[in-house]
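# A look at the structure
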Amino acid sequence: MDFVEDHVESAVPTIETAIDSIFTRLKIIAVDVEKVLRAKELLASLQRRKTFFYLLGQDDDGSIENNHSEMRLLTSKHSFPSILSGDDDFDGEELSEDQCGDWQFQEENRWHSYFSGFQVLTTRHGADPNENRKCVQLSAMLGCDQEIKTLLRNGVRCFLLDLFAGTQRDNQSLIVQLREAEISVSKEYGFPVASTIFVKLSPRFQYTGYLNPQHYKGDLKRVELKKGCNLTLTVDREFSDSSSSSIIYVNARFLLGDVKTFDFILIGNEIQLTVHSVNPDHLNCCVVRGGMLSSYMPVLFPKRCSKFRISYEELEDLTFAREVGVNVVVSNIVGTAKYLDNLENAMGIMQCENLRMFARVVLNDIKGCDGELNWATRRYDGFLVELAEPEVVPDVMHLCPDAECFLQLVHAAKKPIIFDPEMIHKKKLRIDPTHYYYTFYYPDKYLVKSHKTKQSFYFSFLQNALFEKIPTEALAKVPYCDNSHTGADGLARAVVTAAMEVHAAAIVVIGVTARMVQKISHFRPEAPIIFVSHMRSAEDYVSLYYNVTMLSFRTKQFHTHRQNIFRKGVYALAYLAKRKVVRQHDYVILVYSHKEGTTFPEKYILYKFDKSHFAEHMSASMFPTQQDQQESTADADANN
């Protein structure tokens with residue numbers, strides 16, 4: 001017996017051996033993701049150069065004009081003849097690939113003569129009015145890979161992965177599928193498509209894995225554990241989404257060395273197991289007291305790890321996120337300040353200190369009125385907000401002062417709020433009008449499970465209907481104060497006010513960092529926000545903000561400040577015209593840095609869109625000469 005215990009103790013990984021093992025394995029896993037990202041980067045470069053070749057007669061470095069083989073890489077057998085015709089007039093239909101061919105193109109023009117202002121859809125679109133406000137949770141066990149392209153076409157740009165479920169290979173495969181879908185949709189659009197992926201870390205405390213759907217008992221999604229039956233508790237992630245009555249996954253790799261034979265292990269409030277034998281990666285147990293087993297039940301070990309001791313699974317998840325290029329991770333709990341210190345220290349050891357840390361919060365479980373969570377609103381970068389099921393169904397959602405204050409502080413700090421409305425969608429919770437702001441206005445995105453995207457219409461239409469009247473009222477209530485050092489808060493407010501007054505079709509923000517996008521998004525404009533930037537790191541998180549779409553613009557050629565801003569502005573307008581977001585004479589607001597040497601936008605203009613000559617107008621509009629300004633002032637005085 002002593003020999004067995006010594007063997008088990010030596011086989012259980014220490015923090016040093018665990019880190020070495022994680023690094024070695026995950027560097028191999030990350031190779032496929034890197035290959036897809038390189039392909040995506042190349043495609044975006046070719047698309048950008050092709051766009052400027054047709055708009056301005058030349059691309060960034062002149063290589064396309066001399067080498068037409070690169071042009072053919074972007075041309076499919078379904079392309080319009082006009083794409084290759086070299087026509088200099090960009091009318092909003094150029095630079096596109098339509099899988100329905102010339103007939104559909106002519107049919108679309110014919111129908112437009114009867115129904116002015118309508119668009120004939122060439123791809124399957126949902127009827128949901130606010131797809132961009134969705135954050136879709138992907139899962140390997142739900143077989144959602146066929147829906148990813150449809151989600152991207154419909155405007156979804158935010159995705160969540162739960163690293164507790166599935167193996168690292170499964171989650172890596174989902175990321176690769178998403179990036180490949182972005183490339184596919186990007187080819188259809190003729191412009192780069194970028195989305196944000198963030199991940200939920202495994203919980204620090206122990207839980208059972210998700211049950212295999214084949215073992216469900218009816219619609220209850222439970223299996224019965226009978227007294228006297230033998231089963232295995234394993235830490236192998238292969239069973240994290242396929243547990244059964246004979247083998248159950250538990251995230252407890254660091255705890256196995258503390259377990260002894262004949263120890264008791266509790267699952268939920270009823271099930272009790274006794275340990276028969278201990279192995280390096282699993283425990284052989286017998287059911288002493290039976291009960292019903294469901295997914296994600298709490299597990300109590302005889303010797304729990306310290307409350308602030310990080311688990312092996314968390315270390316693995318953090319490293320996985322870093323290696324596959326995910327920049328945002330979500331802690332399973334808010335915890336305490338000491339808990340977050342411990343997590344940040346571990347992130348530093350694992351070389352993950354640059355990751356953005358969010359926290360999961362169960363809103364209606366927050367009790368009290370003493371501001372217990374105020375510290376969290378300052379230290380976390382964002383929050384995933386969920387609702388607990390009420391004891392009586394249905395029930396009205398009750399929020400304590402702490403919960404209300406918590407959401408108000410997060411919104412005031414301009415940090416992303418991802419809200420899970422499942423309890424509202426299932427009509428288990430109903431919202432009192434006094435809480436409309438907390439559920440229908442403050443959240444940036446609404447979480448939807450991938451297999452339930454077609455069933456989420458109730459909440460989407462409810463949120464859309466109630467949201468329409470709130471932004472104007474909320475903007476009027478915001479005090480006229482600017483806490484920024486550059487006047488950015490005032491500029492953001494002015495941009496949103498102007499967009500509401502002229503019913504702008506889009507707001508284009510040209511900048512280096514996403515700070516101005518964050519500030520504009522805070523006021524919840526109806527117009528979509530297009531962020532044009534060369535910063536690769538911005539793609540990893542900017543789509544978490546309300547109504548934001550990232551348009552990457554990276555080039556190896558060095559331009560002057562004015563050339564750089566001008567090209568990005570033209571590129572954004574070409575994208576909006578191609579996607580039919582703006583039409584002739586619609587207003588577009590462009591926000592950019594006018595002065596050279598500034599990285600933060602400090603000016604905005606209103607542009608009345610001209611689909612045939614916008615490339616010519618941009619230079620004079622964004623950087624007018626003194627003579628142009630005098631003529632503009634004279635025209636304004638004459639009109640008055």
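Structural notes, computed from the coordinates. None of the values given here were measured: they were computed from a predicted structure.

Glancing now at the sheet that holds strand 23 (residues 603-608). Reading across the sheet, the 5 strands line up as 21-20-19-22-23 and stay open at both edges, with mixed pairing between neighbours. Here the strands that pair on one side only, and so sit at the sheet edges, are strand 21 (548-552) and strand 23. Within the sheet, the average angular offset between the axes of one strand and its neighbour, ignoring direction, is 20°. For strand 20 (residues 529-533) and strand 21, the ladder comprises 5 bridges, and the chain directions are parallel. Paired with Ser 533 across the two strands is Ser 552, which belongs to strand 21. The strands touched by helix 18 (residues 561-578) within the sheet are strand 19 (506-510), strand 20, strand 21, strand 22 (587-592) and strand 23, with strand 19 carrying the most contacts at an inclination of about 150°.

Attention shifts here to the packing of helix 15 (residues 470-477) against helix 16 (residues 488-502). Interaxial distance between helix 15 and helix 16 falls to 12 Å at its minimum, and their mutual angle equals 140°. Classified by the angle their axes make, helix 15 and helix 16 are oblique. The hand of the helix 15/helix 16 crossing is left-handed. Note on element contacts: helix 16 touches helix 15 through Arg 493, Val 496, Thr 497 and Met 500, opposite Pro 471, Thr 472 and Leu 475. Residue composition of the contact of helix 15 with helix 16, grouped by class: 4 nonpolar, 2 polar and 1 charged.

Here we take up helix 8 (residues 312-323). With 12 residues, helix 8 should cover 16 Å at 1.5 Å per step; its first-to-last C-alpha distance of 17 Å lies within 8% of that length. With 11 of 12 residues buried, helix 8 is to be regarded as a mostly interior element. Of all the residues in helix 8, the buried ones are Tyr 312, Glu 313, Glu 314, Leu 315, Glu 316, Asp 317, Leu 318, Thr 319, Phe 320, Ala 321 and Glu 323. Just downstream of helix 8, Gly 325 is the residue with a positive phi angle, here 85°.

The next thing to look at is the environment of Leu 178. For Leu 178, the position within the fold is in helix 7 (residues 168-189). Residue Leu 178 is classed as buried on the basis of its relative accessible area, which comes to 0%. Each C-alpha atom of the pair Leu 178 and Phe 159 lies 9.1 Å from the other, and the pair is 19 residues apart in sequence. When neighbours within four sequence positions are excluded, Leu 178 is seen to be in contact with Ile 148, Leu 152, Phe 159, Ser 195 and Ile 197.

With 5 of its 5 residues buried, strand 14 (residues 382-386) lies for the most part within the structure. Sheet topology places strand 13 (residues 356-362) next to strand 14; 5 bridges connect them, and they run parallel. Residue pairing for strand 14: Val 362 is matched across the bridge by Glu 386. With respect to chirality, the unit in which strand 13 leads through helix 10 (residues 374-379) into the neighbouring parallel strand 14 is right-handed. Relative to strand 16 (residues 417-419), strand 14 runs parallel, the two sharing 3 bridges. Residue pairing across strands places Val 385 opposite Phe 419, the latter belonging to strand 16.

Turning our attention to unusual backbone geometry. The phi torsion of most residues other than glycine is negative, and most of the peptide bonds are trans. In this chain, Val 393 is followed by Pro 394 through a cis amide linkage whose omega measures -5°. Phi is positive for Asn 547, close to 60°, though the residue is something other than glycine. Here Asn 547 lies in the loop between strand 20 and strand 21.

So, on to the packing of helix 16 against helix 17 (residues 515-522). Between helix 16 and helix 17, whose axes approach to 8 Å, the crossing angle comes to 55°. Relative to helix 17, helix 16 is oriented oblique. Of the two possible hands of crossing, helix 16 and helix 17 adopt the one that is right-handed. Contacts between helix 16 and helix 17 involve Ala 488, Asp 489, Leu 491, Ala 492, Val 495 and Val 496 from the former and Met 516, Lys 519 and Ile 520 from the latter. The class makeup of the residues in the contact of helix 16 with helix 17 is 7 nonpolar, no polar and 2 charged.

What follows deals with the packing of aromatic side chains. Counting across every chain of the model gives 27 aromatic pairs. Pairing Tyr 207 with Tyr 296 gives two aromatic rings, centres 4.3 Å apart and planes at 5°, and the pair type is stacked. Of the two residues, Tyr 207 sits in the loop between strand 3 (196-200) and strand 4 (222-225) while Tyr 296 sits in the loop between strand 10 (291-294) and strand 11 (299-300), which places them 89 residues apart along the sequence. Residue Tyr 296 is classed as partly exposed on the basis of its relative accessible area, which comes to 27%. Feature note: the residues Tyr 437, Tyr 438, Tyr 441, Tyr 442, Phe 467 and Tyr 546 constitute an aromatic cluster, connected by ring pairs. Residue placement shows Arg 493 over the ring face of Tyr 480; its charged tip is 3.8 Å from the ring centre.

All right, on to the side chain of Asp 489 then. Relative to the elements of secondary structure, Asp 489 occurs in helix 16. Given a relative accessible area of 9%, Asp 489 falls into the buried group. Apart from the residues lying within four places of it in its own chain, the contact partners of Asp 489 are Lys 414, Asp 482, Asn 483, Ser 484, Lys 519 and Phe 523.

Conventions used here
Residues numbered from 1 in each chain as written. Predicted model: local features only at pLDDT ≥ 70, side-chain atom pairs only at ≥ 80, totals over all residues. Heavy atoms only, no water. Pairing = 2+ DSSP bridges. Helix = DSSP H or I, 4+ residues; strand = E, 2+ residues; numbered from the N terminus. Axes fitted to C-alpha atoms, helices over the stretch in contact; angles between N-to-C directions. Contact = heavy atoms within 4.5 Å. Parallel < 35°, antiparallel > 145°, perpendicular 65-115°, else oblique. Left-handed = near helix turned anticlockwise from the far one by under 90°. Nonpolar A, V, L, I, M, F, W, Y, C, P; charged D, E, K, R; others polar. Expected span 1.5 Å × (residues − 1). Buried < 20%, exposed > 50% of the residue type's maximum accessible area, 1.4 Å probe, protein only. Right-handed = clockwise from strand over helix to strand, strands pointing away. Phe/Tyr/Trp six-rings, centres within 6.5 Å; stacked < 30°, edge-to-face > 60°. Lys NZ or Arg CZ within 6 Å of the ring centre and 35° of its normal.

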